[in-house]
Amino acid sequence: ARSLVKNKEDFIEIYCEADLAVCEGRDTKGLYAKARAGIIPNFTGISSKYEHPENPELSVATGSKSLEDCVNEVIHYLQENNYIAKKD
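Report on the accompanying structure.

Analysis parameters
- Counting restarts for each chain: residues are numbered from 1 in the order of the written sequence.
- Reporting in this predicted model follows two pLDDT cut-offs: at least 70 for local features of residues, and 80 or more for side-chain atom pairs to be given and counted; totals over whole chains, interfaces and linings ignore these cut-offs and use all residues.
- To obtain the side-chain values, all non-hydrogen atoms of the structure were used and water was disregarded.
- Secondary structure elements follow DSSP: runs of H or I no shorter than four residues count as helices, runs of E no shorter than two count as strands, and numbering proceeds from the N terminus.
- This radius of gyration counts C-alpha atoms alone. The globule rule is 2.2 Å times how many residues there are, raised to the power 0.38.
- Here the term buried applies to any residue with accessible area under 20% of the maximum for its type, exposed to any over 50%, and partly exposed to those in between, with areas from a 1.4 Å probe on protein chains only.
- Calculation of accessible area relied on Shrake-Rupley with a 1.4 Å probe; when residues are assessed, cover is drawn exclusively from the protein chains displayed.
- Think of it this way: Lys and Arg go in the positive column, Asp and Glu in the negative one, and His and the chain ends go nowhere.
- To locate a charge, take NZ of a lysine, CZ of an arginine, CG of an aspartate or CD of a glutamate.
- Each patch groups residues whose relative accessible area exceeds 30% and which form no salt bridge, using 9 Å between like charges and 5 Å between nonpolar side chains of Val, Leu, Ile, Met, Phe, Trp and Tyr.
- Any Lys or Arg side-chain nitrogen located within 4 Å of an Asp or Glu carboxyl oxygen qualifies as a salt bridge.
- What a helix is expected to span follows from its residue count: subtract one and scale by 1.5 Å.

### Topic: the overall build of the protein chain
Stage number 1. What the protein chain contains, in helices and strands, is 3 helices and 2 strands.
Stage number 2. Taken from N to C terminus, the helices and strands of the protein chain fall in the order β-α-α-β-α.
Stage number 3. At 16 Å, the protein chain has a C-alpha radius of gyration far larger than the 12 Å of a compact globule built from 88 residues.
Stage number 4. For the protein chain, the spread of C-alpha atoms along the three principal axes comes to 50 × 30 × 20 Å.
Stage number 5. Of all 88 residues assigned to the protein chain, the portion counted as buried reaches 14%.
Stage number 6. For the protein chain, the exposed surface amounts to about 6900 Å²; the carbon and sulfur share of it is 51%.
Stage number 7. A gap of 6 Å separates the mean positions of the 11 positive and 15 negative side-chain charges of the protein chain.

Here it is, written out as structure tokens:
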């Protein structure tokens, strides 16, 4: 994805890390079940290999942390790297 962006400074890769069981548990559309049944071919993580990001600027353990904690991690990263202003 990074290679598709002209200005590399405009791109921040954030890896939302969760194992396959967590992703399947969050799947409200039933896409993982359809992929396991063979209805959806080449589905990432099921019939197609998932490749973890090699060098994300930030990794957030969304599979084991609360939504609030994950959001706070992202906001903290953005503030510390001067993408957004820090709160007073």
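Further notes follow.
### Looking at a nonpolar patch on the surface
Stage number 1. Side chains of Leu67, Val71, Ile75, Tyr83 and Ile84 sit close together on the surface and give an oily, nonpolar patch of about 450 Å² of accessible area.
Stage number 2. By secondary structure assignment, the location of Val71 is in helix α3 (residues 67–80).
Stage number 3. Relative accessible area serves as the criterion here: at 39%, Val71 is assigned to the partly exposed category.

### Concerning unusual backbone geometry
Stage number 1. Unlike most non-glycine residues, Asn42 shows phi in positive territory, near 55 degrees.
Stage number 2. For Asn82, which is not glycine, the phi dihedral falls at a positive 60 degrees.
Stage number 3. Relative to the elements of secondary structure, Asn82 occurs in the segment after α3.
Stage number 4. In this structure Asn82 comes out as exposed when scored by relative accessible area, which is 67%.

### Some remarks on α3
Stage number 1. With 14 residues, α3 should reach 20 Å at 1.5 Å per residue; the first-to-last C-alpha distance of 20 Å fits that figure.
Stage number 2. Buried within α3 we find Cys70, Tyr77, Leu78 and Gln79.

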